[in-house]
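Fold and contact review
Okay, here's what each chain looks like letter by letter:
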Amino acid sequence: VDKVNDPLRLTDWSANAITILGMQGTIIADGTPEQPNVFRPEGDDDSPAQWEGITLGRGAVKVAKIYYAGRTAVQLNGSTADVEVAYNEIRYFFWVGIDSHKPNVWIHDNVLEGGGHQSISAHENNIVEHNVIYNAETGISTESDGAIVRNNIIVDSARGIELRYG
């Protein structure tokens with residue numbers, strides 16, 4: 001672990017971390033309030049960075065509990081296809097909760113807690129609204145022009161909203 005206690009910077013961490021990778025297809029993880037999708041490691045360990053996270057280019061992650069991820073709990077990359085990330089509880093991630101690097105993403109009605117970098121990063125033509133964020137280094141960061149950020153609640157974070165672009 002380096003001087004800032006970051007296990008993700010170890011060379012063998014990513015070789016042993018589990019990633020749910022949906023870049024070549026479509027992931028639709030659509031739970032219900034009674035039966036949410038649950039993404040977390042087995043066991044009682046409550047430390048962050050136990051697994052990599054979910055990466056997708058098309059589809060949706062809705063009504064899920066996503067705990068103890070590493071670099072990014074939900075990573076959005078690739079195509080211009082619409083993606084929705086909504087009604088999730090995303091907690092105890094190490095770097096970023098929802099990290100969008102693609103246009104046409106709707107991020108709404110999530111609860112996020114933690115984050116060494118930011119809880120949500122937004123790209124062009126992303127709409128980020130009605131999320132509740134706790135205890136993040138940065139609540140929401142815009143990564144390009146054209147992101148719409150509205151009606152979010154950010155509590156106990158060093159920076160609420162960071163406008164890198166736009």
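Just so it is clear, the model here is predicted, and its values are computed rather than measured. (Residues numbered from 1 in each chain as written. Predicted model: local features only at pLDDT ≥ 70, side-chain atom pairs only at ≥ 80, totals over all residues. Heavy atoms only, no water.)

1. Topic: the packing of aromatic side chains
Enumeration according to the criterion identifies three aromatic pairs in this entry. Look at Tyr-67 and Tyr-68: their rings are 6.0 Å apart centre to centre, the planes differ by 65 degrees, and that puts the pair in the edge-to-face class. Comparing Tyr-67 with Tyr-68 shows no difference in burial state: the two are buried. On the numbers, 6.0 Å between centres and 50 degrees between planes, the contact of Tyr-67 with Tyr-92 is tilted. Separated by 25 residues along the polypeptide, Tyr-67 in strand E6 (residues 64-67) and Tyr-92 in strand E9 (residues 89-93) bring together distant segments of the chain. Members of the aromatic cluster, each reached through a chain of ring pairs, are Tyr-67, Tyr-68 and Tyr-92. Directly above the aromatic system of Trp-95 lies the positively charged group of Arg-71, at a separation of 5.5 Å from the ring centroid. (Phe/Tyr/Trp six-rings, centres within 6.5 Å; stacked < 30°, edge-to-face > 60°. Buried < 20%, exposed > 50% of the residue type's maximum accessible area, 1.4 Å probe, protein only. Helix = DSSP H or I, 4+ residues; strand = E, 2+ residues; numbered from the N terminus. Lys NZ or Arg CZ within 6 Å of the ring centre and 35° of its normal.)

2. Brief notes about the sheet that holds strand E5 (residues 59-62)
With parallel pairing, six strands are arranged side by side in an open sheet as E2-E5-E8-E11-E14-E17. At either end of the open sheet lies a strand with only one pairing partner, and these are strand E2 (27-30) and strand E17 (148-150). Neighbour to neighbour, the strand axes of the sheet diverge by 10 degrees on average, direction disregarded. In this structure, strand E11 (residues 105-108) lies alongside strand E14 (residues 127-129), joined through three bridges in parallel fashion. Residue pairing across strands places Ile-107 opposite Val-128, the latter belonging to E14. (Pairing = 2+ DSSP bridges. Axes fitted to C-alpha atoms, helices over the stretch in contact; angles between N-to-C directions.)

3. Quick notes on the pairing of strand E10 (residues 96-100)
Two faces, one strand: in a regular strand the side chains alternate between the faces of the sheet. In terms of residue burial, E10 counts as a mostly covered element, since five of its five residues are buried. In this sheet, E10 lies alongside strand E7 (residues 72-76) in parallel orientation, the contact comprising four bridges. Bridge pairing links Leu-76 to Ser-100 in E10. Note: E10 against strand E13 (residues 118-122), three bridges, orientation parallel. Within E13, the position partnered with Ile-98 by the bridge is Ile-120.

4. Here's the deal with the pairing of E5
Bridging between E2 and E5 involves four bridges; their strand directions are parallel. Bridge pairing links Ala-29 to Val-61 in E5.

5. Describing the pattern of salt bridges
A complete count under the given rule lists nine salt bridges for this structure. Among the ionic pairs, Arg-150 bridges to Glu-129, the shortest N-O distance being 2.7 Å. You can see Arg-150 sitting in strand E17 and its partner Glu-129 sitting in strand E14, a full 21 residues away along the chain. Relative accessible area serves as the criterion here: at 37%, Arg-150 is assigned to the partly exposed category. (Salt bridge = Lys/Arg side-chain N within 4 Å of Asp/Glu carboxyl O.)

6. A word on the side chain of Gln-75
Its place among the elements puts Gln-75 in strand E7. A polar side-chain atom of Gln-75 sits 3.5 Å from a polar atom in the side chain of His-101. Not counting residues within four places of it along the chain, the set of residues in contact with Gln-75 comprises Ile-54, Thr-55, Leu-56, Asp-99 and His-101. (Polar contact = N/O pair within 3.5 Å; in protein donor to acceptor, adjacent residues only side chain to side chain. Contact = heavy atoms within 4.5 Å.)

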